[in-house]
Amino acid sequence: MGSKTPTIPTSRSSSLSIPSLVLPPRAMVGDSPNKVPLKPGRSLMDWIRLTNSGQDLTGMGGKVEQVTSQQLSEHNTQDNAWMAIRGKVYNVTPYLEFHPGGLDELMRAVGKDGTFLFNENHPWVNYENMLAKCYIGPLQRTTMNITTGMLPPLFNSIKMKPTTDPSIPPRHDWFQTDTYITIVVYTLDKSIRRDHVIIDIADKTLKAYVYMWKEWVFHLHTELYAIVQSPEVTASSSSGKIEIKLLKCEPEQKWPLLGQAEYRHEAYDKIINLKESVFRVCTVSSIEHITHNIRLFKITLPPRTVLTPPIGYHVYIKLPSSDVCLPYTAILPSLCEHTQQNNCIHLMIKIYAGGLLSSELNKLVVGDIVSVSNFEGDFDMRGVRDSTHLI
């Protein structure tokens, strides 16, 4: 349904309920370059007065209802504008003229999931308080029909117009069976492989990084609906599709939604622009003396982490006892073990007398803690695949 233009109260009240906004330090001084002039009576304090006026800003008569993607897409006009942010749907029709970035900017996300745009522009804003009186209900995620095993039409990627423009973020969706949750990312990158995906799960928080097109990384950061275990990754180079399979801890539990989107969910960055490395705490599980100054370290990853550095790629290592952080190239597990373990990485490191980090690594014993970063690199196996001689 559409929404009537709200009546903006003009009387001031000393009992206003002011939304809690979290702004970065630089946003507190001067005007943001993304701000546009607003009409008179459209300031933040005017919005606060409107949300405290008792008017129904949802257009739903106080009802909270689950919203499908199809329903969301139907509310896509200036006088009937719904938007989803991190799994919650809001009627932003009354807020359009109050948006500091301007009406046109907000309309870019109307009728769809605006999480990516929100995270790109102002992830620090407490939108849940700001838009609390506009809340319609949770966004219903697409699920599999378990009895028939068929995917609903909205999930079927064949009906979507494909694009191979690397600058366009990939689509993703999810479905479930009695025992598994499966997240599907449609990268369309025909060179994609299983080892291009990193997964970290702590409690119910899922962080996944999909490296694609050699220079882009797609983030999935979600507080899952329930606890899962044993993540698995499969890749299809023929279609560019990645599947992340999560084993339910409670079989036959039906999830109404995948979970709550967190900061950086659906972010899509050029790898070169990433400012910080991501580390996870790991354990030294074995140390082998190859020569008098070369050590082979076997590092065990956390139980629900998937991290397999591609050939020629390196990871950064940090120790609790040192501020130094240096890269080391991972080697193939098949060079070290007869049976490959998916939750380990292997590093062959030369120890230098007085080395900034290697001398500290030489002091490690089995059971010690090290921090391991996401992998980095640009080595392409295709350059040597057809080679017959090494020089």
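Since the structure is predicted, the reported quantities are computational estimates derived from the model, not experimental observations.

**Details of the sheet that holds strand S5 (residues 171-176)**
The sheet built from four strands is open, its strands ordered S5-S6-S11-S10 with antiparallel pairing. The sheet is open, and its two edges are formed by S5 and strand S10 (228-236), each paired on a single side. The average angle at which neighbouring strand axes cross in this sheet is 15 degrees, direction not considered. With six bridges connecting them, S5 and strand S6 (residues 180-186) associate as antiparallel partners. Within S6, the position partnered with Gln 176 by the bridge is Ile 181.

**Examining the packing of aromatic side chains**
One pass over the structure, following the stated rule, counts ten aromatic pairs. Taken together, a centroid distance of 5.1 Å and an interplanar angle of 55 degrees make the contact between Trp 47 and Phe 98 tilted. Of this pair, Trp 47 sits in helix H1 (residues 44-51) while Phe 98 is found in the loop between strand S3 (88-91) and helix H3 (103-107), placing the two residues 51 residues apart along the sequence. Note on Trp 47: relative accessible area 1%, which makes it buried. Judged by its relative accessible area of 5%, Phe 98 is buried. Every member of this aromatic cluster is reached through a ring pair, and the members are Tyr 90, Phe 118, Tyr 127 and Tyr 135. Looking at Arg 171, its charged tip hangs above the ring of Tyr 186, at a distance of 4.6 Å from the centre. Above the ring of Tyr 180, the side-chain terminus of Lys 245 is found at 4.3 Å from the ring centroid.

**Brief notes about the environment of Leu 72**
Take Leu 72: it is sitting in helix H2 (residues 69-74). Separated by 68 residues in sequence, Leu 72 and Gln 140 place their C-alpha atoms 9.9 Å apart. Once you skip the residues sitting within four places of it in the chain, Leu 72 turns out to touch Val 67, Trp 82, Met 83, Ala 84, Val 89, Gly 111, Lys 112, Asp 113 and Leu 139.

**Brief notes about the side chain of Ser 322**
Position of Ser 322 among the secondary structure elements: in the loop between strand S17 (314-318) and strand S18 (325-331). A distance of 3.1 Å separates the side chain of Ser 322 from the backbone nitrogen of Val 324, its partner in a polar contact.

**Things to note about the pairing of S18**
Inspection of the sheet shows S17 paired to S18 by five bridges, in the antiparallel sense. Note that in S18 the partner of Val 315 across the bridge is Tyr 328. In the sheet, S18 pairs with strand S19 (residues 344-350) via two bridges, with the strands oriented antiparallel. Residue pairing across strands places Ala 330 opposite Leu 347, the latter belonging to S19.

Cut-offs used in this document
- Here, residues in each chain are numbered from 1, in the same order as that chain's written sequence.
- Local features in this predicted model are restricted to residues whose pLDDT is 70 or higher, and side-chain atom pairs enter the listing and the counts only when it is 80 or higher, whereas totals over whole chains, interfaces and linings include all residues.
- Processing note: side-chain calculations cover all non-hydrogen atoms of the structure and skip hydrogens and water entirely.
- When DSSP locates at least two bridges between a pair of strands, those strands are taken to pair.
- Under the DSSP-based scheme used, a helix requires at least four consecutive residues in state H or I and a strand at least two consecutive residues in state E, with every element numbered from the N terminus.
- To get an axis, a line is fitted to the C-alpha atoms, and for a helix only the part in contact is used. The angle between two axes follows their N-to-C directions and goes from 0 to 180 degrees.
- Only the six-membered ring of Trp is used, alongside the rings of Phe and Tyr, when aromatic pairs are assigned; centres must lie within 6.5 Å, and planes under 30 degrees apart are stacked while those over 60 apart are edge-to-face, with the rest tilted.
- Using a 1.4 Å probe on the protein chains alone, a residue whose accessible area is under 20% of its type maximum counts as buried, one over 50% counts as exposed, and one in between counts as partly exposed.
- The criterion for a charge sitting over a ring is simple: Lys NZ or Arg CZ within 6 Å of the ring centre, and within 35 degrees of the ring normal.
- Throughout, a contact is declared for two residues whenever any of their heavy atoms are within 4.5 Å.
- We define a polar contact as two N or O atoms separated by no more than 3.5 Å, with the added condition that, inside protein, one atom must be a possible hydrogen donor and the other a possible acceptor, whereas residues neighbouring each other in sequence contribute only through side-chain atom pairs.

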